[in-house]
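Next come the chains, spelled out residue by residue.
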Amino acid sequence: MAEAGRTERQTMKTKETVRAAPALPLNTILDGDCVERMRALPDASIDLIFADPPYNLQLKGELHRPDNSRVDAVDDAWDRFDTFATYDAFTKAWLTEARRLLKPHGAIWVIGSYHNVFRLGAELQNQGFWILNDVVWRKSNPMPNFRGKRLTNAHETLIWASKEEGAKYTFNYEALKALNEGVQMRSDWVIPICTGHERLKDEAGDKAHPTQKPEALLHRVLVGTTKPGDVVLDPFFGTGTTGAVAKMLGRDFIGIEREASYRAHAEKRLARVRRFDSDALEVTTSKRGEPRVAFGVLVERGMLRPGEELWSLNGRHKAKVRADGTLVAQDVKGSIHQVGAHLEGAPSCNGWTYWHFRREGQRVPIDVFRQQIRAEMRAG
C-alpha cells in the first residue's frame with residue numbers, strides 16, 4: 001500500500017510539473033530587456049532564431065552629406081555601448097540564452113556589419129554553435145560614403161549556425177534553388193535595402209526604425225531554413241519584419257522589443273498581415289526528404305496487378321509484375337531498379353522513371369502511383 005501511495009504521489013507530481021511548464025507566448029511581442037525575457041522562456045522550445053542585435057556603430061557626432069544636410073544615421077541609445085568589453089558581455093549573455101532556447105536541431109541567424117559581426121562570430125563559436133555559412137547581403141542601393149574617406153559600405157553579413165556540430169538542422173535546398181531560377185543558391189544575396197512602401201514611417205514622416213530589414217531578406221531565410229508551424233524567435237524585434245514574414249509563411253513567432261515606439265509600429269504592421277493559404281505555403285522539397293514508398297505497396301493496393309506488363313521508357317523492353325513486388329523479364333528477376341539496369345546494361349537504373357504501364361493506349365510512368373501515395377501520406 002505504501003508503495004502504491006508513493007507511486008500515486010509521484011504521478012500527481014509529474015502531472016503538476018507538466019502543468020507548470022511555461023507556455024510559449026506565440027505570435028506576441030514581449031516588452032523589456034531581451035536577456036531577461038529570454039530567461040523566462042522554456043528550454044529547447046525554439047526552432048529558429050533570427051537576431052539583428054545592436055551594431056555598436058561607435059558614431060562620433062553627427063554625419064552630414066556634402067551639401068551639409070544631416071544623414072539619418074543610427075545614433076539611438078540602444079546602439080551605444082561604453083566599451084567593446086561591455087558589448088561582448090551583452091553578446092555573451094543573449095547568445096547563452098539563445099542556445100538554451102534552441103531545440104537540439106534548431107539553428108540561429110545573426111546579422112551585423114563590420115562593426116560587430118566578427119565579435120558575434122567569435123562568441124557563437126565560443127559557445128559551441130557550429131557555423132554553417134556566412135552570407136553576404138549585398139545591397140543593390142546602399143547609402144553612399146559621404147565623407148569620401150572609405151569604401152562605400154554596400155553589404156552586411158549574416159551568420160547561419162546550428163546549435164552544435166552534427167545537428168540535423170532544416171535546410172530546404174530545393175526551395176532555395178527554385179527561388180534562384182533552378183540554380184543552386186549562393187552565399188551572396190543581392191537584395192535592396194528597405195525603401196518605398198515597405199519602409200515604415202512615423203507621424204512626422206521620418207523612418208520608424210533606422211535599420212528596418214527588407215522582407216525579401218527574411219523571406220529567403222525562413223523559406224530556406226524553417227518549415228510551416230516552426231517557432232521563430234527574434235530577440236531584437238524592432239518594427240517586426242521577422243514577425244510579418246513568419247506570419248505570412250505560416251510560422252509562429254515570438255518577438256522581444258524594449259522600445260515602445262517600435263512595438264507600436266510592429267503591432268499595427270502585424271495586424272495588416274494575412275497568412276498565405278496552405279497550398280501557397282508548400283515549397284519544393286528534396287527527393288531524399290520525400291516519404292519512402294516501396295514498389296510492393298503499389299501491388300498490395302491493387303494499383304498494379306501481378307502478371308501486368310510494364311514497358312521501358314524507350315519501349316524496347318518489358319517485364320511482368322510479380323506478387324511480391326519484384327519484376328521478371330527474360331533471364332532476370334529482381335527489383336524495378338535491378339531489372340531495368342540489367343536490361344540496359346547499365347550500372348544502375350531509376351526504376352520509378354524507367355518503367356511504364358499502359359492505360360487507354362498510353363504509357364504512363366509508375367512514378368505517378370508513388371506520388372499519389374506520397375500525397376496521401378503527407379495529408380495524413
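Right above here is the structure, for reference.
Each value, and the rule that gives it
- Residues numbered from 1 in each chain as written.
- Predicted model: local features only at pLDDT ≥ 70, side-chain atom pairs only at ≥ 80, totals over all residues.
- Heavy atoms only, no water.
- Phe/Tyr/Trp six-rings, centres within 6.5 Å; stacked < 30°, edge-to-face > 60°.
- Helix = DSSP H or I, 4+ residues; strand = E, 2+ residues; numbered from the N terminus.
- Buried < 20%, exposed > 50% of the residue type's maximum accessible area, 1.4 Å probe, protein only.
- Lys NZ or Arg CZ within 6 Å of the ring centre and 35° of its normal.
- Pairing = 2+ DSSP bridges.
- Axes fitted to C-alpha atoms, helices over the stretch in contact; angles between N-to-C directions.
- Salt bridge = Lys/Arg side-chain N within 4 Å of Asp/Glu carboxyl O.
- Contact = heavy atoms within 4.5 Å.
- Parallel < 35°, antiparallel > 145°, perpendicular 65-115°, else oblique.
- Left-handed = near helix turned anticlockwise from the far one by under 90°.
- Nonpolar A, V, L, I, M, F, W, Y, C, P; charged D, E, K, R; others polar.

Looking now at the packing of aromatic side chains. For the coordinates displayed, the defined rule picks out eleven aromatic pairs. Taking the centre distance of 5.2 Å and the plane angle of 80 degrees together, the rings of tryptophan 94 and phenylalanine 236 count as edge-to-face. Of this pair, tryptophan 94 sits in helix H3 (residues 84-101) while phenylalanine 236 sits in the loop between strand S7 (231-234) and helix H7 (241-248), and the two are 142 residues apart along the sequence. Just as tryptophan 94 is buried, phenylalanine 236 falls in that class too. Both rings, one in tryptophan 160 and one in tyrosine 169, keep their centres 5.4 Å apart while their planes meet at 85 degrees; by these two values the pair is edge-to-face. Here a set of aromatic residues connected by ring pairs shows up, and it is made of Trp109, Trp160, Tyr169, Phe171, Tyr173 and Trp189. The ring of tryptophan 189 has arginine 220 sitting right over it, with the charged end atom 5.0 Å from the ring centre.

Here we come to the sheet that holds strand S4 (residues 130-138). Sheet strands pair via backbone hydrogen bonds, and the direction of the pair is either parallel or antiparallel. Read across the open sheet, the eight strands follow the order S1-S8-S7-S2-S3-S5-S4-S6; overall the sheet is mixed. Taken across any chain shown, the strands that pair with only one partner, and hence form the sheet edges, are strand S1 (28-31) and strand S6 (188-190). Each neighbouring strand pair of the sheet contributes to a mean axis angle of 20 degrees, computed without reference to strand direction. Alignment of S7 against strand S8 (residues 252-257), held across four bridges, turns out to be parallel. For leucine 233, the partnering residue across the bridge sits in S8 and is isoleucine 254.

So, on to the pattern of salt bridges. Applying the stated criterion across every chain, the model contains 16 salt bridges. Residue glutamate 97 pairs with arginine 100 through a salt bridge whose shortest N-O separation is 2.9 Å. With glutamate 97 and arginine 100 both in helix H3 and three residues apart, this pair spans about one turn of that helix. Given the relative accessible area of 24%, arginine 100 is considered partly exposed. The closest approach of N and O atoms between arginine 258 and glutamate 259, which form a salt bridge, is 3.5 Å. Since its relative accessible area comes to 47%, arginine 258 is described here as partly exposed. On the basis of relative accessibility, which here comes to 27%, the residue glutamate 259 falls in the partly exposed class. Three or more residues joined by partner-sharing salt bridges are found here, namely Arg39, Asp43, Glu97 and Arg100.

Once that is clear, we can look at the environment of threonine 285. As for its placement among the helices and strands, threonine 285 is situated in the loop between helix H9 (278-281) and helix H10 (295-300). Judged by its relative accessible area of 40%, threonine 285 falls in the partly exposed class. As for threonine 285 and leucine 176, which are separated by 109 residues in sequence, their C-alpha atoms are 9.6 Å apart. Ignoring any residue separated from it by four or fewer positions in sequence, one finds threonine 285 in contact with Glu174 and Glu290.

A word on the packing of helix H6 (residues 215-225) against H7. At a minimum axis separation of 9 Å, H6 and H7 run at an interaxial angle of 55 degrees. By the criterion of interaxial angle, the relationship of H6 to H7 is oblique. Taken as a pair, H6 and H7 cross one another with a handedness that is right-handed. The residues of H7 that touch H6, namely those facing Glu215, Leu218, His219 and Leu222, are Thr241, Thr242, Ala244, Val245, Ala246 and Met248. In terms of residue class, the contact of H6 with H7 is made up of six nonpolar, three polar and one charged.

Turning to the sheet that holds strand S13 (residues 355-359), a few remarks are in order. Strand order in this open sheet of six strands is S12-S11-S10-S9-S13-S14, and the pairing throughout is antiparallel. Pairing within the sheet leaves two strands with one partner each, and these edge strands are strand S12 (332-334) and strand S14 (362-365). Neighbouring strand axes in the sheet, compared pairwise and without regard to direction, differ in orientation by 35 degrees on average. Looking at chain direction, S13 and S14 are connected through four bridges and run antiparallel. Considered in S14, the bridge of arginine 358 is made with arginine 363. Sheet strands touched by helix H11 (residues 336-344): strand S10 (318-321), strand S11 (327-329), S12 and S13. Its angle to S12, the strand with the most contacts, is close to 155 degrees.

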